[in-house]
Amino acid sequence: MTGTQNDQDQQGQQNPALARLSAAGVSVWLDDLSRTRLESGSLARLIETRSVVGVTTNPTIFAQAIASDEAYAAQLTALATSGADAEETIDALTVDDVRAACDLLRPVWERTDGVDGRVSLEVSPRLAHEGDATIEAAVRLAREVDRPNVLIKIPATEEGVFAIPRVMEHGVSVNVTLIFSLGQYRSVVEGYLSGLERAREAGVDLSTLESVASVFVSRIDSEIDARLDALGTDEARALRGRAGLANCRLTHRVAQQLFDSERFRVLEAAGARQQRLLWASTGTKDPAYPDTLYVSDLVTPGTVNTMPEKTLEAFADHGTVGEDTMPGSYGAADAHFDALSGLGIDYADVMETLQREGLEKFSTSWDELVAEVTSRLQEARGGDA
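Quick look at the structure, then. (Residues numbered from 1 in each chain as written. Predicted model: local features only at pLDDT ≥ 70, side-chain atom pairs only at ≥ 80, totals over all residues. Heavy atoms only, no water.)

**Considerations on the overall build of the chain**
This is how the line gets drawn: In this text, helices come from DSSP runs of H or I with a minimum length of four residues, and strands from runs of E with a minimum of two, each type numbered from the N-terminal end. It is over C-alpha atoms that the radius of gyration is taken, and the globule rule equals 2.2 Å times the number of residues to the power 0.38. When accessible area is computed with a 1.4 Å probe and restricted to protein chains, residues below 20% of their type maximum are described as buried, those above 50% as exposed, and intermediate ones as partly exposed.
Summing up its helical and strand segments, the chain has 19 helices and eight strands in all. Taking 385 residues into account, the globule formula puts the C-alpha radius of gyration at 21 Å, and the chain, at 21 Å, falls close to it. Seen through its principal axes, the chain has C-alpha atoms that stretch 60 × 55 × 45 Å. Burial statistics for the chain: of 385 residues in total, 55% are counted as buried.

**Topic: the layout of surface pockets**
Our working definition: Two kinds of site are reported from a 1 Å grid over the protein atoms alone, namely cavities, where a 1.4 Å probe fits but cannot get out, and pockets, open sets with protein on both sides within 12 Å along at least five of seven lines, and residues are called lining when an atom falls within 4 Å of a point. Grid points are joined across faces, edges and corners, and a volume is the space filled by probe spheres set on the points. For this classification, the nonpolar set comprises Ala, Val, Leu, Ile, Met, Phe, Trp, Tyr, Cys and Pro, the charged set comprises Asp, Glu, Lys and Arg, and every other residue, Gly included, is treated as polar.
By volume, the largest pocket is sized at about 420 Å³. In this structure, the largest pocket is lined by 25 residues; those nearest its centre are D31, N58, R219, S281 and K285. Counting only elements with at least two residues in the lining of the largest pocket, the list comes to helix 5 (59-68), strand 5 (174-179), strand 6 (211-216), strand 7 (276-280) and helix 19 (347-380). In terms of residue class, the lining of the largest pocket is built from six nonpolar, 13 polar and six charged.

**As for the nonpolar core**
Convention followed: In these notes, a set of buried Ala, Val, Leu, Ile, Met, Phe, Trp, Tyr and Cys residues joined through side-chain atoms within 4.5 Å is what counts as a nonpolar core. We call two residues in contact when some of their heavy atoms are within 4.5 Å.
Counting 123 residues, the largest nonpolar core has L21, V98, Y185, L196 and I224 as its most contacted members. The element best represented in this core is helix 19, accounting for ten residues. With sequence-adjacent residues up to four places away left out, I224 is seen in contact with A243, F337, L340, I345 and V350.

**Focus: the pairing of strand 5**
A regular strand carries its side chains on alternate faces of the sheet. What counts, and what does not: Criterion used throughout: strands pair if DSSP finds at least two bridges between them. If you view a crossover with the strands going away from you and the path from the first strand over the helix to the second runs clockwise, you call it right-handed.
Counting buried positions along strand 5 gives six out of six residues, so the element sits mostly inside the fold. Sheet topology places strand 4 (residues 150-155) next to strand 5; four bridges connect them, and they run parallel. What sits directly across from K153, in strand 5, is N175. Handedness of the β-α-β unit built from strand 4, helix 10 (residues 158-168) and strand 5 comes out right-handed. With four bridges joining them, strand 5 and strand 6 adopt parallel strand pairing. Counterpart to V174 in the pairing with strand 6 is S211. After leaving strand 5, the chain enters helix 11 (residues 182-201) and then returns to the sheet as strand 6, a path that is right-handed.

**Here's the deal with the packing of helix 12 (residues 218-231) against helix 19**
Note the following rule: Each axis is a line fitted through C-alpha atoms, and for a helix only the stretch in contact is used; angles between axes span 0 to 180 degrees, taken between their N-to-C directions. For classification, angles of less than 35 degrees are called roughly parallel, those exceeding 145 degrees roughly antiparallel, those between 65 and 115 degrees roughly perpendicular, and all remaining angles oblique. A clockwise turn of the near helix away from the far one marks a right-handed crossing, whereas an anticlockwise turn of less than a right angle marks a left-handed crossing.
Interhelical geometry of helix 12 versus helix 19 gives an angle of 125° and a closest axis separation of 10 Å. Considered as vectors, helix 12 and helix 19 are oriented oblique to each other. For the element pair helix 12 and helix 19, the recorded crossing hand is right-handed. Seen from helix 12, the contacting residues are R219, I220, E223, I224 and R227; seen from helix 19, they are D349, V350, M351, T353, L354, E357, G358, K361 and F362. For the contact of helix 12 with helix 19, a count of residues per class yields six nonpolar, two polar and six charged.

**Digging into the packing of aromatic side chains**
Between two aromatic rings, the relevant description is the distance of the centres plus the angle of the planes. Here is the rule: Ring pairs shown here join Phe, Tyr and Trp side chains whose ring centres sit within 6.5 Å, with only the six-membered ring taken for Trp; geometry is labelled stacked below 30 degrees between planes, edge-to-face above 60, and tilted in between.
Scanning the entire structure with this criterion turns up four aromatic pairs. Aromatic pair F259 and F264: ring centres 5.1 Å apart, planes at 85°, arrangement edge-to-face. Assessed through its relative accessible area of 6%, F259 is described here as buried. Judged by centre distance (5.3 Å) and plane angle (90°), the ring pair of F337 and Y347 falls under edge-to-face.

**A look at unusual backbone geometry**
Most of the time, phi is negative for any residue but glycine, and the peptide bond is trans. Residue S51 is not a glycine yet carries a positive backbone phi of 60°. Here S51 is to be found in the loop between helix 4 (42-49) and strand 2 (52-55). A residue is classified by how much of its surface remains accessible, and S51, at 9% relative accessible area, is buried. For D146, which is not a glycine, the phi torsion comes out positive at approximately 55°. With respect to the element layout, D146 can be found in the loop between helix 9 (131-145) and strand 4.

Right, here's the structure in full:
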């Protein structure tokens, strides 16, 4: 980081590169949260100097935080004394963190009329294939956080999409996560529109509902690049590192089509907002690619980019913001997937693999978190099982 940037940080001035990204219509969200980040003022500084206007979390983030952050020790001890089990403890810890982050971002929520200033909390990944249980958990978590700027994350499984409208009719705003394919995204939008209709029938003020559709980016390149590398041809190598961006561009085209409808215009007239696209998994996994690739190349108004801190700082240091080229890139994106198909890369199989693996990773993180919390509860109780 340059001396000038350090001076700006000390003065509470926004970083120029991230300020330009924000001015281009991209909402900058942080993909991380922990008790120490909250209590140390780290998140507050990112809001003041990095244009951060939202926060996303997931089971992996909380597993890493609770396992290593001693700021949770006192609350863990109190919960152990009260007789809480591991899952009740996880709920208490994560709800408190999300509530505190919501309070910190409340001024942003007010300033943006409820669009930004949002903090996401995910239902347990163990419920990914249980629709009714997802509905119950989502409504309960929203009530426990008890802040108007919370988003409840629901995975874009078949059962998750079933849950979306039934959660929204309770007045709960949703972040639909683990979206990879265009077919998944279409189902998510259908769930969102149905949710708006059910919410209106239930008497919910539609202007209070906000939603994002979280489309994962870098994992698509990781999977497709591996398949291209296995082919081992020059033609295959020439297609590496472009599928993630191409998929985002085609998703953007679908969004333009689905929200340009009489159905949505009726809902919009009643106060509804368009569900925004959120680019997730935007840290590059291949060191051969620029570390700001999935930010600089996805600049288009009305979207969200949620970044791990490493990517956020990389963009602050050397990120660039060009013109919005999204609509003009649809044809090239189509051509790219045609070329992949010509080499035998099966789009549907890639996306199904990625969603399955994504759910498995979050479930593994959740299991590790439960085991860690169970161990710490036992320690606090003097080693009793």
